[in-house]
Amino acid sequence: MSMMKAAVVNEHSQDLEIKEVPIPELAYGEVLVKTEVSGVCHTDLHAKIGDWPVKPKLPLIPGHEAVGKVVKVADGVKSVKVGDRVGNAWLHYACGECEFCLTGRETLCHHQENSGYSVDGGFAEYFKVPADYVGKIPDGLSSEDAAPILCAGVTTYKALKVSGAQPGDWVSVFGIGGLGHLAVQYAKAMGFNVVAVDVFDEKLELAKKLGADKVVNSSKGDPVTFINDEVGGVQAAISVAVAKKPFEQAYESVKRGGTLVAVALPNEDMPLPIFETVLDGKTVMGSIVGTRKDLAVALQFAAEGKVKANISIEPLDNVNDIFERMEKGKIDGRIVMTME
Ligand code: NAD
Ligand code: ZN
Ligand code: ZN
């Protein structure tokens, strides 16, 4: 049996183990991809820690921002061929037959599988995906630049798209991490004005560089007062910080008739003030990654140079250290791992 190097979560309490595991065997309709790069999402850290209500499979190879070339296709594959450059995404598979799949809402499919969570992902030399669910990487977009779009990019593009904000409107982004720093760029590319919120000045410097119109450090002052004073509240708030407090602040930053789009996934409840929600006509909605079509559009933005992830490239062997830095908020943008 041929083997590959992978980063494996054996137990939630332990570090990932770098070890040799079998190269995945293909089932009907699947393709095998040789990994070039693999982005590290905060969701991978949730999978490692096991802090969500639905637990991942164990042992687990995380990773849902992996890009590489197809090296093998199984029977039944029509849409992808050997040599194509593709990526995996959180939506690893959906049934294609349920009411959600049939109405363009495949990310709500009850029968879905998730890369690097319910099935193995891309923190390895090889990964497999059903051919119909790969992300197709546009020519001219490097694999390193494409990787963060597979989750962070498509997720924030979609959240902004469903927010109902129109060009010229103000939106707030709470949490300028892997998702948030792309949210700022998609928001600008979509014609919105952006106020960026984080607890670290470095993140806000990055947000400014990426086009944020206003920034506020919420560890130094009340971001709600700032946003109300400066722009009269926002039409849409995108919450991509992994804590309850920024969700509450994001809700409060929304003006009458506006929308909070909940995206980050701290395992906490958020109290909703009923009077304010009713009288101010506020909407609170959840948004989960994006469909395959959303992903194609999000990748196209990147291919056209309208968004560009702020990446640093590190080897797979650093994975535990990367998670430590992520937990402390010490990563600027996204880390993309190579398999060397
Ligand atoms: P990240 O660690 O890269 O970024 C988090 C950012 O939040 C950091 O910049 C940090 O400084 C900032 N932050 C921390 N506390 C804050 C506070 N109190 N106020 C403002 N900012 C604060 O994480 P990421 O990879 O961007 O992922 C963020 C979350 O989104 C995770 O929970 C992840 O699981 C979730 N996620 C959801 C979806 C979805 O489809 N809904 C998709 C991908 C990721
Ligand atoms: Zn992700
Ligand atoms: Zn379905």
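Before reading on, note that the structure itself is shown above.
All values derive from a computational prediction rather than experimental measurement.

**Quick word on the pairing of strand 11 (residues 193-198)**
Item 1. By the criterion of burial, strand 11 is predominantly enclosed, with five of the six residues buried.
Item 2. With five bridges connecting them, strand 10 (residues 170-174) and strand 11 associate as parallel partners. Bridge pairing in strand 11 links V171 to V194.
Item 3. The parallel pair strand 10 and strand 11 is bridged by helix 4 (residues 178-189), and the resulting crossover is right-handed.

**Comments concerning the coordination of the zinc ion (ligand 2)**
Item 1. The protein atoms that coordinate the zinc ion (ligand 2) are C41 (SG), H64 (NE2) and C151 (SG), at distances spanning 1.9 to 2.3 Å.
Item 2. One chain supplies every donor for the zinc ion (ligand 2), spaced along it as C-x22-H-x86-C. Of this pair, C41 sits in the loop between strand 3 (30-39) and helix 1 (42-49) while C151 is found in the loop between helix 2 (143-146) and helix 3 (152-162), placing the two residues 110 residues apart along the sequence.
Item 3. Note on C151: relative accessible area 5%, which makes it buried.

**Describing the packing of aromatic side chains**
Item 1. Per the counting criterion, the structure on display carries seven aromatic pairs.
Item 2. Relative to Y117, the ring of W52 has its centre 5.4 Å away and its plane inclined at 40°; by these criteria the two rings are tilted. Taken together, the residues W52 in the loop between helix 1 and strand 4 (66-73) and Y117 in the loop between strand 7 (113-114) and strand 8 (126-130) connect sequence positions 65 residues apart.
Item 3. Looking at W52, the relative accessible area reads 10%, which means it is buried.
Item 4. The class for Y117 is buried, based on a relative accessible area of 6%.
Item 5. Considering the side-chain rings of Y186 and F301, the 5.3 Å spacing of their centres and the 55° angle between planes classify their relative orientation as tilted. Placement of the pair is Y186 in helix 4 and F301 in helix 9 (residues 292-303), with a sequence separation of 115 residues. Both residues of the pair, Y186 and F301, count as buried.
Item 6. Joined through ring pairs, the aromatic side chains of W52, W90 and Y117 make up one cluster.
Item 7. Of note, K282 hangs over the ring of Y251, and the distance from its end group to the ring centre comes to 4.1 Å.

**Things to note about the environment of A207**
Item 1. Secondary-structure assignment places A207 in helix 5 (residues 201-209).
Item 2. The class for A207 is buried, based on a relative accessible area of 0%.
Item 3. With twelve residues separating them in the primary sequence, A207 and V195 have C-alpha atoms 9.0 Å apart.
Item 4. When near neighbours in sequence (up to four residues on either side) are disregarded, A207 contacts I176, V184, A196, A212 and V215.

**A look at the environment of I149**
Item 1. Within the secondary structure, I149 is located in the loop between helix 2 and helix 3.
Item 2. Taking the C-alpha atoms as reference, I149 lies 32 Å from G221; in sequence the two are 72 residues apart.

**Considering the site of ligand 1**
Item 1. In the neighbourhood of ligand 1, 29 residues make up the surrounding shell, with H42, T43, D198, V289 and R334 lying closest.
Item 2. Within the backbone of G177, a nitrogen or oxygen atom sits 3.2 Å from an oxygen atom of ligand 1.
Item 3. The backbone of S287 places a nitrogen or oxygen atom 2.9 Å from a nitrogen atom of ligand 1.
Item 4. Burial of ligand 1 by the protein amounts to 91% of the accessible area it has alone, namely 880 Å².
Item 5. Sorting the residues of the shell around ligand 1 by element identifies helix 1 and helix 4 as the ones contributing at least two each.
Item 6. The element best represented in the shell around ligand 1 is helix 1, accounting for three residues.
Item 7. For the shell around ligand 1, the class distribution of residues is 17 nonpolar, nine polar and three charged.

**So, the coordination of the zinc ion (ligand 3)**
Item 1. In the first shell of the zinc ion (ligand 3), the protein supplies C95 (SG), C98 (SG), C101 (SG) and C109 (SG), at 2.3 to 2.4 Å from the metal.
Item 2. Given four donor atoms and angles of 106 to 115° at the metal, the environment of the zinc ion (ligand 3) is assigned as tetrahedral.
Item 3. Looking at C98, the relative accessible area reads 15%, which means it is buried.

**Quick look at a nonpolar patch on the surface**
Item 1. On the surface, a nonpolar cluster with roughly 500 Å² of combined accessible area is contributed by I274, F275, V278 and L279.
Item 2. With relative accessibility at 58%, the residue L279 sits in the exposed group.

**Some thoughts on helix 1**
Item 1. Of all eight residues in helix 1, six are buried; the element is thus mostly enclosed.
Item 2. At its buried positions, helix 1 is contacted by strand 3 and helix 10 (319-327).
Item 3. Just downstream of helix 1 lies G50, where phi reads positive at about 75°.

**Some thoughts on the nonpolar core**
Item 1. Counting residues in each nonpolar core, the largest one holds 45 residues, and the members touching the most others are I149, L160, V171, V184 and Y186.
Item 2. Those elements giving two or more residues to this core turn out to be helix 3, strand 10, helix 4, strand 11, helix 5, strand 13 (234-239) and helix 9.
Item 3. Broken down by element, the residue count for this core peaks at six residues, all from helix 4.
Item 4. Both of domain 1 (3-150 + 290-338) and domain 2 (154-286) provide at least three residues apiece to this core.
Item 5. Look past the residues within four positions of V171 in its chain and what remains in contact with it is L160, A165, A187, F192, N193, V194, V195, V234 and A236.
Item 6. Counting residues in hydrophobic clusters, the runner-up holds 32 residues, among them Y117, L316, F323 and M326.

Calculation criteria
Residues numbered from 1 in each chain as written. Chains lettered and ligands numbered in written order. Predicted model: local features only at pLDDT ≥ 70, side-chain atom pairs only at ≥ 80, totals over all residues. Heavy atoms only, no water. Buried < 20%, exposed > 50% of the residue type's maximum accessible area, 1.4 Å probe, protein only. Helix = DSSP H or I, 4+ residues; strand = E, 2+ residues; numbered from the N terminus. Pairing = 2+ DSSP bridges. Right-handed = clockwise from strand over helix to strand, strands pointing away. Donors = N, O, S within 2.8 Å, 3.2 Å for Na, K, Ca; no water. Phe/Tyr/Trp six-rings, centres within 6.5 Å; stacked < 30°, edge-to-face > 60°. Lys NZ or Arg CZ within 6 Å of the ring centre and 35° of its normal. Contact = heavy atoms within 4.5 Å. Near = heavy atom within 4 Å. Polar contact = N/O pair within 3.5 Å; in protein donor to acceptor, adjacent residues only side chain to side chain. Areas by Shrake-Rupley, 256 points an atom, 1.4 Å probe, with all protein chains shown as cover. Nonpolar A, V, L, I, M, F, W, Y, C, P; charged D, E, K, R; others polar. Tetrahedral: all angles 85-135°; square planar, octahedral: opposite > 155°, others 65-115°. Patch = residues over 30% accessible without salt bridge, like charges linked within 9 Å, V, L, I, M, F, W, Y side chains within 5 Å. Salt bridge = Lys/Arg side-chain N within 4 Å of Asp/Glu carboxyl O. Core = buried A, V, L, I, M, F, W, Y, C linked by side-chain atoms within 4.5 Å. Domains from an automatic or database assignment.

Everything listed here is a matter of geometry and, on its own, says nothing about what the molecule does.
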